[in-house]
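Observations on chain architecture
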Amino acid sequence: MVKNPKILSIVLAGGEGTRLMPLTRDRAKPAVPFGGVFRLIDFPLSNLVNSGYMQTVVLTQYKSHSLDRHISTVWRFSPLLGNYVSPVPAQQRLGKHWYLGSADAIYQTVNIIEDVQPDIVVIVGADHVYRMDFQQMVQQHIDSGAEFTVAGIRQPISQSNQFGVIEVDPEHPNMIKSFQEKPETTTGLPDDPNSILASMGNYVANTDALFEALALDEKAEDTKHDMGGDIAPYFAARGEAGVYDFNSNEIPGATPTDHAYWRDVGTLKQFYDAHMDLISYVPEFNLYNTEWPIYTLSGNLPPAKFVHAGHDRLGHATDSIVSPGVIVSGGEVHHSVLSPNVRIHSWSQVVDSILFDGVVINRRARVYKAILDKNVVLTENSTVGIDTEHDLARGFTVTPEGITVVPKGTVVDD
């Protein structure tokens, strides 16, 4: 391996995101808003940029218009030094079919990798919330001599069917002994039987070895063309797969609370819980770490504004994130996340909720434990999250945990 290898980053952003419906009804999963002003795609792209990797392609597929627009307007680099973030839609280069899986997505864009001629390819997912310095993972990959390295994080054994599960070689703790993709049952770690080492969906690969593996996978019959389900086990079976322990990743400005924070936000409950992490008194994930910023552009908006301070009408927000352009006019907001241009009118209440851009809560309306998508309007005295049967009757999604989700552009009129 050369001393200063050339790196190309690939972000897998083609997932359909069906478990996040109705939030993904009109947008790709990586384009879903998060944390007030961000979109999910901003987290992996910020990590790559902060790691010093400035040549990135983003592979898109489903409902990609808003994602492509966000990347092209926000993630624009000067071409002077050859830096770019480039969205690449599914092109059906190798047949009349869309991406058959994450491995097939990369195989169908081999021409782009060949044009860049990198020594190493860094492959990351687009729907997780975390901070990570990929340079540290790449350095371990080089030092270990592995052809393919998987980033791993400890998770409860009860969630093994949601992740790729890594078994480490006891004699070589940086190498993978076996890799199982989402097994129904598995054994725990030797030092913690209740935990597993789960794949984060982030990979580092030597380019030549990756090409060979993808070409073999494309011709195989018993394959799902998946990076975790097929490519990682291929390298593990050959003794060429390394594992990088995410817990060893050191981020400038990180606190003991948010060190090694990583959340999969693939379900409505996970998405909701990750938002609640942001507004904890000591946040589980600190958006305010300026030494490793999460980048985005939230538009040319004025500051948030709070009006009315009478004894019977007080515009205020507590334990909440309030984005630019928000006006809280005599209403009450508690333990919630308000995205840009939200309007909270007099005597209304918003509690334990997530409001996307442009939501309007009119007078005396109440919202409890809900996710309101973009441009939802509650008329006067209307409610969401108060009566589950009423919410279901109106066609809203209600999770088993009692989180009510209202689709984009809905007018809620009781």
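For the structure, see preceding data.
Residues numbered from 1 in each chain as written. Predicted model: local features only at pLDDT ≥ 70, side-chain atom pairs only at ≥ 80, totals over all residues. Heavy atoms only, no water.

**Topic: the pattern of salt bridges**
It is possible for side chains of opposite charge to pair when their charged atoms get near one another. The tally for this structure, following the rule as stated, stands at 9 salt bridges. Salt-bridge contacts for Asp391 lead to Arg394; the nearest nitrogen and oxygen are separated by 2.5 Å. Looking at Arg394, the relative accessible area reads 24%, which means it is partly exposed. Asp414 is paired through a salt bridge with Arg394; the nearest N and O atoms lie 2.6 Å apart. A residue pair is termed long-range when its members are at least 10 positions apart, and Asp414 in the segment after strand S32 (411–412) and Arg394 in the loop between helix H9 (388–393) and strand S30 (397–398) qualify at 20 residues. (Salt bridge = Lys/Arg side-chain N within 4 Å of Asp/Glu carboxyl O. Buried < 20%, exposed > 50% of the residue type's maximum accessible area, 1.4 Å probe, protein only. Helix = DSSP H or I, 4+ residues; strand = E, 2+ residues; numbered from the N terminus.)

**Remarks on the environment of Gly17**
Relative to the assigned elements, Gly17 resides in the loop between strand S1 (7–13) and strand S2 (33–34). For the pair Gly17 and Gly266, spaced 249 residues apart in the sequence, the C-alpha separation amounts to 6.9 Å. Setting aside anything within four residues of it in sequence, one finds Gly17 in contact with Thr24 and Lys29. (Contact = heavy atoms within 4.5 Å.)

**A few points about the pairing of strand S4 (residues 55–60)**
Summarising burial for S4: 6 of the 6 residues are buried, a large majority. Alternating positions in S4 separate into two faces, Gln55, Val57 and Leu59 on one and Thr56, Val58 and Thr60 on the other, with burial throughout. Pairing of S1 with S4, which is carried by 5 bridges, proceeds in the parallel orientation. Each bridged residue has a counterpart across the sheet, and for Ser9 the counterpart in S4 is Thr56. Summarising the sheet, S4 and strand S5 (residues 84–89) pair through 6 bridges and their orientation is parallel. Bridge assignment links Thr56 to a residue of S5, and that residue is Val85. With respect to chirality, the unit in which S4 leads through helix H2 (residues 65–74) into the neighbouring parallel S5 is right-handed. (Pairing = 2+ DSSP bridges. Right-handed = clockwise from strand over helix to strand, strands pointing away.)

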